[in-house]
Amino acid sequence: MQGRVGYVMFLSRWIQAPLYLGLIVAQVVYVWRFMVELLHLVQLGFGGTPAETTVMLIVLGLVDVVMISNLLIMVIIGGYETFVSRLRIQGHPDQPQWLSHVNANVLKVKLAMAIIGISSIHLLQIFINASRPAVTDRELIWKTLIHLTFVVSALALALIDRIMAGGRPVQGTGRSEQPANLHPERAAAA
């Protein structure tokens, strides 16, 4: 009986598969949004003389969409590989390099870094619009504090990951040296 319960619990990981499929649909929505904004940029750029800040804000919006799309890919591929099932793409020429050493902690740090990048784009957009009356000093301060909170959180996650790995930086490489007996799957992927 306990074996069956354990097997059912193990199979329950597949309940997450529709979540990752839903994120693929979200990815399609972001591609559509990107194409609409790109068309808008082309129409503005070739149909008139928009202000440089207008073009810059649209381009930053496009970069923002790409970064969110990259975040989605990390969550879809990394999350599925970590929590649901192996993708079985070893040796494929298009296999993402980061996938060979992904685990829950690495995924969290990578996601935190992506969120910082996205937050940086939003903060830059706010600073570009700072001269407009709609942007208040209070809004600037709060968005800067929120961004700094993301940075501190990412640093804390990276520090926690390093502590949990039990590794010390190897001289000159920036990579952690990890004892093989603590994390054999990490040692094999390194």
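It should be noted that the structure appears before, not after, this text.
All values reported here derive from a predicted model rather than from experimental measurement.

Visitor: Can you help me understand the overall build of the chain in this one?
Guide: A count of helices and strands for the chain gives 6 helices and 2 strands. Secondary structure elements in the chain, listed N-terminal to C-terminal, are α-α-α-α-α-β-β-α. By residue count, 26% of the 190 residues in the chain fall in the buried class. In the chain, the proportion of contacts linking residues at least 24 apart, taken out of those at least 6 apart, comes to 60%. In the structure as shown, the chain presents an accessible area of about 13000 Å², 68% of it carried by carbon and sulfur atoms.

Visitor: Looking at this structure, how should I read the packing of aromatic side chains?
Guide: By convention here, two paired aromatic rings are described through the distance between centres and the angle between planes. Applying the stated criterion to the full structure yields 2 aromatic pairs. Note on W14 and Y80: the rings are 6.1 Å apart at their centroids and 75° apart in plane angle, and the pair reads as edge-to-face. A residue pair is termed long-range when its members are at least 10 positions apart, and W14 in the loop between α1 (2-11) and α2 (17-47) and Y80 in helix α3 (residues 52-84) qualify at 66 residues. Judged by relative accessible area, which is 35%, W14 ranks as partly exposed. Each ring, one from Y20 and one from Y80, has its centre 6.2 Å from the other, and the planes form 85°; the classification is edge-to-face. Note that Y20 is positioned in helix α2 and Y80 in helix α3, a separation of 60 residues in sequence. Per residue, the accessibility class of Y20 equals that of Y80, and both read buried.

Visitor: Where do I start with the packing of α2 against α3 in this structure?
Guide: Between two packed helices, the angle of one axis relative to the other and the distance separating the axes together describe the packing. At a minimum axis distance of 10 Å, the contact between α2 and α3 shows a crossing angle of 165°. If you check the angle between α2 and α3, you find them roughly antiparallel. Crossing of α2 over α3 shows left-handed handedness. For the contact of α2 with α3, the class distribution of residues is 24 nonpolar, 5 polar and 2 charged.

Visitor: Explain a nonpolar patch on the surface here, please?
Guide: Together, I115, I141, W142, L145, I146, L148 and F150 make up an exposed nonpolar region whose accessible area comes to about 640 Å². Ranked by the residues each element gives to the nonpolar patch, the list is headed by helix α5 (residues 137-165), at 6 residues. Assignment of secondary structure puts I141 in helix α5.

What counts, and where the lines are drawn
- Residues numbered from 1 in each chain as written.
- Predicted model: local features only at pLDDT ≥ 70, side-chain atom pairs only at ≥ 80, totals over all residues.
- Heavy atoms only, no water.
- Helix = DSSP H or I, 4+ residues; strand = E, 2+ residues; numbered from the N terminus.
- Buried < 20%, exposed > 50% of the residue type's maximum accessible area, 1.4 Å probe, protein only.
- Contact = heavy atoms within 4.5 Å.
- Areas by Shrake-Rupley, 256 points an atom, 1.4 Å probe, with all protein chains shown as cover.
- Phe/Tyr/Trp six-rings, centres within 6.5 Å; stacked < 30°, edge-to-face > 60°.
- Axes fitted to C-alpha atoms, helices over the stretch in contact; angles between N-to-C directions.
- Parallel < 35°, antiparallel > 145°, perpendicular 65-115°, else oblique.
- Left-handed = near helix turned anticlockwise from the far one by under 90°.
- Nonpolar A, V, L, I, M, F, W, Y, C, P; charged D, E, K, R; others polar.
- Patch = residues over 30% accessible without salt bridge, like charges linked within 9 Å, V, L, I, M, F, W, Y side chains within 5 Å.
- Salt bridge = Lys/Arg side-chain N within 4 Å of Asp/Glu carboxyl O.

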